[in-house]
Structures are given as structure tokens and as C-alpha cells.
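# Analysis of the macromolecular model
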Amino acid sequence: MSDPISSGQPSAAHPDLLAAPTWHQMAQSTGLVNTDGSIRETIFGQMTALAARHDAVNLGQGSPGDPTPDFLVDAATEAMGAGINQYAPGQGHQVLIDAVAEQRRRCYGQAVSAAEVLVTIGATEGLTAAIVALVPRGGEVVVFEPFYDSYAAATVLAGAQLRTVGLVEDGAGGFTPDWEAFERTIGPQTSAIIVNTPHNPTGMVFTEEMLTRIYEAAVRHDAWVLTDEVYEYLVFGEHRHAALASIVDDPARVVSISSAGKSFNITGWKIGWTIAAPEVREAIQAVKQYFCFTGGSPLQPAVAQALNAHEDFAQATARSLEARSKILVPAFEELPGVRVSQPQGGYFTLVDFAGTTDEDAYALNERLTRDYGFTGIPGPAMCAAGTPISEAFAQTIRYSFCKGMDDTAEAAERVRAAAAALR
Ligand code: PMP
Ligand code: GLN
């Protein structure tokens, strides 16, 4: 994407691109501006291209390798055949609104009315619309770092500032919030806190106690809490997903965001939902409707069916991901001198190569791709520039175990070959 149109350079052919700086600031917030001013595509797109160039197993982008289940393809085909091909209503098709409300009740005991549900174009649109709708210009959005890239870009779009709180190693192969940093960061200027659990990229599952502590801080400073629950079904072992809105007495300041992509192997469908108090949902919808109005009309009833009748598929996906993590994580542990995180849920494990090499995560990832044929996402790409956590992640690479079983096994072989060569 380094064509001159996006270079920010003056051009005789069109007005100065930087006269409207938002696009540039959004790219900057996710580290996508080259030194010559040109723009790269997202780190996920870049690393997918890197893997393809070297015929490597792509453990980068969290894009599942397993096929979409027939029941979903059939339900979507049926909906198209039945003529559900025109605009969906602004709030979404009623059948999906009802299915989401019922899913929250069934899974978390959260009472949700139809007036509280908004169907969105994936969780991404819900997150961006919620941030733009609820965060005032000049306000602060607190995120746990490393974090999913869209939070930073949406914060720029809202004219707000991103503040980060590190997730630090818990001494047992997992991560925990740096509570001291949290208390230091949050204050009267905080407009919203975003919590992603299960977490991308650390694989950490926030406990009820952690979520309650975050919520109480939000109450103290009159801030919103946005939960990103896209991996809600994908928890391993004894870990359980806690939905913050279901564990507090008054969830009016909580906006719960999720989507069907990860639970049902349909990341390309981009069917998501946002749950908030009716007047809050209306405010978010007021923004959302001018992003895309609505989308995925025939896919919405299919996702409704999946939520209503096929939760067992999502649960089986969790077990299968856990099994794949148990193939990949031990293979990485064979690499000399690395530290490998033990995922509690989600799609990812983190491998910290500090102490084994001087290379940064980008150079190392390229070398491992070229020499051994497996590709991940450099950890610093999921951090803000210059933070202590981005330093701590300077030599960390994220790897996904959401690829097909064959690719996972092949990747494990290649990692073992690398381990043997590097020993
Ligand atoms: N949040 C997190 C933490 C993610 O990993 C992703 C990646 N898919 C998203 C949000 C975006 O979800 P969707 O594809 O439903 O927009
Ligand atoms: N959520 C996925 C990841 O973190 C994919 C995101 C994307 O490509 N935008 O890998």
C-alpha cells in the first residue's frame, strides 16, 4: 500500500491529503506510517503477505483454518433463497436481536431486553461506534496493553487520547493487569476503559474479581466500561468467561460487545452485536448507522440460529483450540531460552525470545519465516509506541493456534526443526 496516493505528499492532482489529518493519525496510532510518510496495511495483512511470500504456515492473523459448519452455510443460503437480501432494519433483524438477548440470559444470567441490542458489522464496528458515540473529544480511553489495534484507531477518530495499562507476567505462565499502573492511569479524565476477555494477544481470561475492580474504578471516575468479548466461548480448562454486565448490580455504564466470527468460524461474515442500556444503545446506533447503516442481512438469521441451537459447536471449538494449543505451545517451549505463555482462552500464545537473540520481534519474525517457515505477529505491533510494555514486548511474537489441525501439526514440526537447529 505504498502508492503515492496514500503517501501524504502534496500532489498537483488532488487537494493536500494532510489538510485532513485524521486518516494519518489513525494510521500512526497503529504504527502503520513509514518513515517516508507512506502507509502500510494492518499488521495482520502485512504478516499474511509475508507468510505467503515464503510459503510459511501463517500463525499470524487470527483467521480460523477450519471450515464453516454446514448448518450456518445452509441457514444463510436458505435466508437468501427466502429473499432476505435487502437492508436489515437499523437495529438489526429481530430474530438476531432476540437470539442475542436470549444467549446473554442463558450463558450469563444477564437480563437483556430487545431495546438493548444493536447488531453491528462485526465487533469492530460496535467498538468504533461505541467509542465515537460515548467518548468526548479530549477524553481518555484506557486499554490494557498489548491490545487489539482498532481501539487505538477508534480513539483517534473520537478525538480522544489513548492511555495504556500493562498486562504483566503473573509468574505462572499467564498475565495479570499491572494494578499500580491502573490506579495511576485512571482518573477524572478517564472517559472509558476497554477490557478484552479472553484477551488478544496474551490469552488471559479476566476473573470476576479483576472485572469488578475495573468496574469499581469506572464508577469512582464516572467512566464507561466497554467489554470486548469476541472470544467469549473460547475458554480452556477450568477457566470461565465472566461477562462484566452480568456480575454488577447496575450495568448501565457497561457496553458489552461481541461477535459470531470466532465462535462459529465465520470471521468473514462480520456479524457482531453491542449490548447497552436502551438510551446508550440509541446513541451508539446514531453513530453506527452512518458507518454502514446495516449489513449482512441474510447472515443475521443464520447467526441467530447458531446462537439459539448450535452453542455446542462453539464449545467444541474451544476444546479443539485447547487441543491445538497443546500441540503448538510445547513445540515452542523446545526453542532454547524462550518463554511461552500458557493460554487460558482465545486464539493466541506469546513467545518471548528476549535473552536468546538481539533481534527485534519484526526482524526475528521475518527470519523465522524465511528460514523455518512459520509466521506470527510481532508483539510491539499490538502496543502503543514507546510505552514500557512495548519495550517489554520488543522481542515477543504472537502465534495463533486457530489454524486447521494439519497446519497446526505442520507448524509444530517446523518449530521443532527450528529448535533443533538453534540448540
Ligand atoms: N476484538 C478482538 C480482541 C479481536 O481479536 C478481533 C479480531 N477479530 C475483533 C475484536 C474484531 O472482531 P470482528 O471480526 O467481529 O469485527
Ligand atoms: N482478530 C484477528 C487477529 O488479531 C484478525 C484481525 C484483523 O485481521 N483485522 O489476528
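Residues numbered from 1 in each chain as written. Chains lettered and ligands numbered in written order. Predicted model: local features only at pLDDT ≥ 70, side-chain atom pairs only at ≥ 80, totals over all residues. Heavy atoms only, no water.

For the protein chain, an unreviewed UniProt entry supplies the name Aminotransferase class I/II-fold pyridoxal phosphate-dependent enzyme and the organism Brevibacterium otitidis. Within the UniProt record for the protein chain, the comment given under Cofactor (unreviewed entry) is "pyridoxal 5'-phosphate". (UniProt positions renumbered as here; feature names shortened; annotations may be inferred.)

Okay, the overall build of the protein chain next. Helix and strand counts for the protein chain stand at 15 helices and 14 strands. Taken against the 2.2 N^0.38 rule, which gives 22 Å for 423 residues, the C-alpha radius of gyration of the protein chain at 21 Å falls within 12% of a compact globule. Scored against the burial criterion, the 423 residues of the protein chain give a buried share of 57%. Partitioning the contacts of the protein chain with sequence separation of at least 6, the portion at a separation of at least 24 is 73%. (Helix = DSSP H or I, 4+ residues; strand = E, 2+ residues; numbered from the N terminus. Rg over C-alpha atoms; globule rule 2.2 N^0.38 Å. Buried < 20%, exposed > 50% of the residue type's maximum accessible area, 1.4 Å probe, protein only. Contact = heavy atoms within 4.5 Å.)

For the coordinates displayed, the defined rule picks out 17 salt bridges. One salt bridge connects Arg-163 with Glu-140, and the closest N-O pair in it is separated by 3.0 Å. A residue pair is termed long-range when its members are at least 10 positions apart, and Arg-163 in strand S4 (residues 161-169) and Glu-140 in strand S3 (residues 140-145) qualify at 23 residues. Judged by relative accessible area, which is 30%, Arg-163 ranks as partly exposed. Between Arg-220 and Glu-183 there is a salt bridge, with its nearest N and O atoms 3.4 Å apart. Remark: Glu-183 occurs in helix H7 (residues 179-185) and Arg-220 occurs in helix H8 (residues 208-220); sequence separation between them is 37 residues. (Salt bridge = Lys/Arg side-chain N within 4 Å of Asp/Glu carboxyl O.)

Next up on the list: empty space enclosed by the protein. Under the criterion given, the structure shown has 3 cavities of 30 Å³ or more. In this structure, the largest cavity occupies an estimated 50 Å³ of space. A per-element tally of the lining of the largest cavity places strand S6 (residues 190-196) first, with 3 residues. Here the lining of the largest cavity is built from residues that sort into 9 nonpolar, 3 polar and no charged. (1 Å grid on protein atoms, 1.4 Å probe; cavity = no way out; pocket = protein on both sides within 12 Å on 5 of 7 lines; lining within 4 Å. Points joined across faces, edges and corners; volume = space filled by probe spheres on them. Nonpolar A, V, L, I, M, F, W, Y, C, P; charged D, E, K, R; others polar.)

Taken together, 13 residues lie around ligand 1, and Thr-124, Asp-228, Tyr-231, Ser-259 and Lys-262 are the ones closest in. A distance of 2.5 Å is found between a nitrogen atom of ligand 1 and a side-chain nitrogen or oxygen belonging to Asp-228. Between ligand 1 and the protein, one listed contact pairs an oxygen atom with a side-chain N or O atom of Lys-270 at 2.7 Å. Here ligand 1, which alone exposes 390 Å², has 93% of that area covered by the protein. The residue makeup of the shell around ligand 1, split by class, is 5 nonpolar, 5 polar and 3 charged. (Near = heavy atom within 4 Å. Polar contact = N/O pair within 3.5 Å; in protein donor to acceptor, adjacent residues only side chain to side chain. Areas by Shrake-Rupley, 256 points an atom, 1.4 Å probe, with all protein chains shown as cover.)

Let's shift gears to the packing of aromatic side chains. Inspection of every chain in the model, using the stated rule, returns 16 aromatic pairs. Seen in terms of ring centroids, Tyr-87 and Phe-293 are 5.7 Å apart; in terms of plane orientation they differ by 70 degrees. Their pairing is edge-to-face. Of this pair, Tyr-87 sits in the loop between helix H3 (70-81) and helix H4 (94-108) while Phe-293 sits in the loop between helix H10 (278-288) and helix H11 (299-309); the two residues are 206 residues apart in sequence, bridging distant segments of the chain. Three or more aromatic residues joined by ring pairs form one cluster here, namely Phe-144, Trp-179, Phe-182 and Phe-206. Over the ring of Phe-348 we find Arg-398; its NZ or CZ atom is 3.5 Å from the centre of that ring. (Phe/Tyr/Trp six-rings, centres within 6.5 Å; stacked < 30°, edge-to-face > 60°. Lys NZ or Arg CZ within 6 Å of the ring centre and 35° of its normal.)

This next bit is on the sheet that holds strand S10 (residues 339-340). Read across the sheet, 4 strands follow the order S10-S11-S14-S13 without closing on themselves; strand pairing throughout is antiparallel. The sheet is open, and its two edges are formed by S10 and strand S13 (377-378), each paired on a single side. Sitting on the sheet, helix H13 (residues 361-372) touches S13 and strand S14 (396-400), and the angle it makes with S14 is about 50 degrees. (Pairing = 2+ DSSP bridges. Axes fitted to C-alpha atoms, helices over the stretch in contact; angles between N-to-C directions.)

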